[in-house]
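# Secondary and tertiary structure notes
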Amino acid sequence: MQKCRKKVKSCLKQVSSNKALAGKVLQSLFTAGVVCVCTFGGDNAAWAQDYNSQYGTDLGGEYENVSVTNESLDGNSNVTIGVSRSAGLTVTDKAVVKIVETGYSARSSSICGIVNDGSGTASLTLKDADIAIVGSKSSVIGFESTAGQHKNTVTGEMNISVSSAATSGTSSVPKVVAGIDVEGYYSKANKAANSLKAKNVKINLGLAAGDKATVNTTGVLTKGSYGNYIGTTEIENAEIVISGSNGQSNETVRGVWATQTDTGNKPSGADMSSKQSYNNLTVVTGTYASDMTAYTPNAVQGGSGLYGIQADNYAVVSVKEDLLIDIDRQARKSGEENNGVTGIYGYEHGKIDFNRADITLHNDLDASVTGIEVTTNAAVTGKALQLTVSSDTGAALGLLAHKYIDDTEGKGRITLGETGGANLIKVTAGGGNARAVVADAEGVITFKEQTELAAQSTDYTETVSALNGGKVVFEDTAVITATGTGYVYGVSTYFDGSSVTEDSSIDFQKGVYINAAGGTAISAAGNSDTSAEGIVTINQGSAAGANEVVIFGDIESDIKGVVNVNLNTAGSVFNGSTSLYDDGVIKLAVTDGAAWRLTGTSSVTDLKAAAGGKIDLSGDRGTFSTLAIQKLTGTGGSFIVDNDGTDSDKITVAASDKGIHGITINNISSLVGKELKPENTFITVTVMLTLWVKLLMAAVFTNIRRYLILLWQADRRTGTSEIWTAGLLVTHWR
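Cut-offs used in this document
Residues numbered from 1 in each chain as written. Predicted model: local features only at pLDDT ≥ 70, side-chain atom pairs only at ≥ 80, totals over all residues. Heavy atoms only, no water. Core = buried A, V, L, I, M, F, W, Y, C linked by side-chain atoms within 4.5 Å. Buried < 20%, exposed > 50% of the residue type's maximum accessible area, 1.4 Å probe, protein only. Helix = DSSP H or I, 4+ residues; strand = E, 2+ residues; numbered from the N terminus. Contact = heavy atoms within 4.5 Å. pLDDT = per-residue confidence, 0-100. Phe/Tyr/Trp six-rings, centres within 6.5 Å; stacked < 30°, edge-to-face > 60°. Lys NZ or Arg CZ within 6 Å of the ring centre and 35° of its normal. Salt bridge = Lys/Arg side-chain N within 4 Å of Asp/Glu carboxyl O.

Here we come to the nonpolar core. Membership of the largest hydrophobic core comes to 134 residues, with the highest contact counts inside it found for Leu-399, Ile-522 and Leu-607. Sorting elements by how many residues they give to this core places strand β36 (residues 512-524) first, with six residues. Not counting chain neighbours up to four residues away, the residues in contact with Leu-399 comprise Ile-372, Leu-385, Leu-387, Ile-414, Leu-416, Ile-425, Ala-436, Val-437, Val-438, Ile-445 and Phe-447.

Here's what the structure looks like:
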């Protein structure tokens, strides 16, 4: 036998440079039953066409097919297919790994399917790969590349199924289940990243079946230590299905996670820790078909926190084309009711960007659910976002940009719609708060394209809010809807942190439709302990006729609150009342055919009525209202009021600039068609007079509730003059 081996080795040396000839020799040797695997030289390079074994080993060279199958793994040894630390491996057809752990003791390290790690620059090239691992006591990783500076490439299909069957909460249960783990180590000087480049990847991410399992589960994981070492993945199409069975109980579950190594160096400048890049990315909860050709969406239980995408500690996740996240969690066990769901999470300078995104999230019980959250200088940038968020009895939130209370730096940022594609966000909470957009603690949210936002709750609804120095900016038109059976707010600015000095602000730079009928459309309040204001501005600086503004619901402004609304098109209308508290400010412009239809007694600090703008107090037919104007400006506006001969709507003006306005009275009494005497009318206009004022009127009274014009003259005085009339043409000077 020894002599035979020497002859074979000699023969192979002669044909080693001819791969086709080597293959023929190999086939003849297999037929003769002489060898199964043979290596030559010290570099462990394989000449065999196929490798088949129950146990993996370090491989190098080129193979056509590689297969490792062990469905009853026991013992302490790791089972891996990988490459040696100095040689590369190429599999021209398919690599298959199937491992089922059946042992009762945990291993010293993870069970890995395909591995390329260790120091050096060994490369790995695969055409297709199928990896399926079920762990019991050990951590499980489908594909791993750590340490060294390795270049890994998958040119075809890569299917990975990883899960844990842990059934107890003892220290011997697995700690990690991951589909792909790339941890980069490269020096900034040579710029050689530890990387994986793949074309089509599918990952079946199975959650633990045990009721006390403590497994952190991730589909694609990259790590690095800022600019010194970095791990990267570049995948054209990735599909990650988070699946499981009843009784699941995991720690944090993430579809995609880009982060730092456990002991990374601190960042410097534009350094990053790790990066993941996708053309198309799908993260869903559901069940794969046995051959992983398709999946069926459904709910899962597990995860103390369940995230679609997470990037933190200077890591980056980029989706160049389409992003789909669909996560549904239901039927959790007692004690796990408060576990949350988040679609995208950025933390500590993490960055996530996408081109088009469709995100649907649902959480049951009292747990919260959040579409996109950024904090501590993290940033999310995207286009054409379609986001639907719902919770059965807990809180539901669409976008949240904030910082934590104890952070010295913050200003998480979300920017949507750089160059195209409208945004649609819908939030529904069965019992908790429903909030579509929240900029808190100096967080900034910017919409650059058309945006539609809707929130609904049976408890508390607040569609857009900026608090504690947060800022929300709408650079294009917006539709805001707030509905519910509890407290309902369309747009709100306020403070609940006494030391904050930054203004909270919401700015609609173009047109807006706000529907909070039956509730508060706009609410503004500043910080009572500092000079910080709560500011809402709508359509400021826009030319007449440019942007339509429609508001259904009331407007209120409390201490240091400022609301500034400009209605300047014929289609613009505000249907609601206004309220001032403390030193709150409401500035309202109704011009160019726009209308304000009062639904109750109102007060404003500044009212500009001009160019056919209508202020209609008759909307609350049968109930009389008072409009208190601290300062009236403009000319050519008109006021419409009700009068029944015994009472009427009332208008008071404390100060004014020069202008001419008309007042139309709707006679809603039995006096229609009869003489309406001044003593039976109660339309009140209080004007501060500093000059002679002459008001020319003529009696005209019809039976169709039109108007009556009378002659009245006021003497010069420094106090106030009450004009008792049913119709009025007012010329006023300051």
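After that view, the rundown keeps rolling.
On average, the chain scores 79 in pLDDT, and the residues at 70 or more come to 73%. Considering only residues more than four positions removed or in separate chains, one finds that residues 186-190, a stretch of pLDDT under 50, has 15 contacts.

With that settled, the discussion passes to unusual backbone geometry. The backbone phi angle of Met-292 is positive, close to 60°, even though this residue is not glycine. With relative accessibility at 9%, the residue Met-292 sits in the buried group. Even without being glycine, Ala-441 reaches a positive phi, approximately 50°. Position of Ala-441 among the secondary structure elements: in the loop between β28 (433-440) and β29 (444-447). What makes Ala-441 buried here is its relative accessible area of 14%.

The geometry of an aromatic ring pair comes down to the distance between the two centres and the angle between the two planes. One pass over the full model with this rule turns up 10 aromatic pairs. For the pair Tyr-307 and Tyr-345, a centre-to-centre distance of 5.5 Å together with 35° between the ring planes defines the contact as tilted. With Tyr-307 in strand β18 (residues 305-312) and Tyr-345 in strand β20 (residues 340-347), this residue pair connects regions lying 38 residues apart in the sequence. Accessibility classification places Tyr-307 together with Tyr-345 in one group, the buried group. Its end group placed over the ring of Trp-257, Arg-254 keeps NZ or CZ at 3.6 Å from the ring centre.

Another point: the pattern of salt bridges. By the definition in use, this model includes 11 salt bridges. In this structure, the salt-bridge partner of Glu-236 is Lys-199, at a minimum N-O distance of 3.5 Å. Taken together, the residues span a long stretch of sequence, with Glu-236 in strand β14 (residues 231-243) and Lys-199 in strand β12 (residues 194-206) at a distance of 37 residues. On the basis of relative accessibility, which here comes to 35%, the residue Lys-199 falls in the partly exposed class. With its nearest N and O atoms 3.0 Å apart, the salt bridge here joins Asp-647 to Lys-650. Look at Asp-647 and you get partly exposed, because its relative accessible area is 28%. When salt bridges that share partners are traced, they join Glu-321, Asp-322 and Arg-356 into one network.

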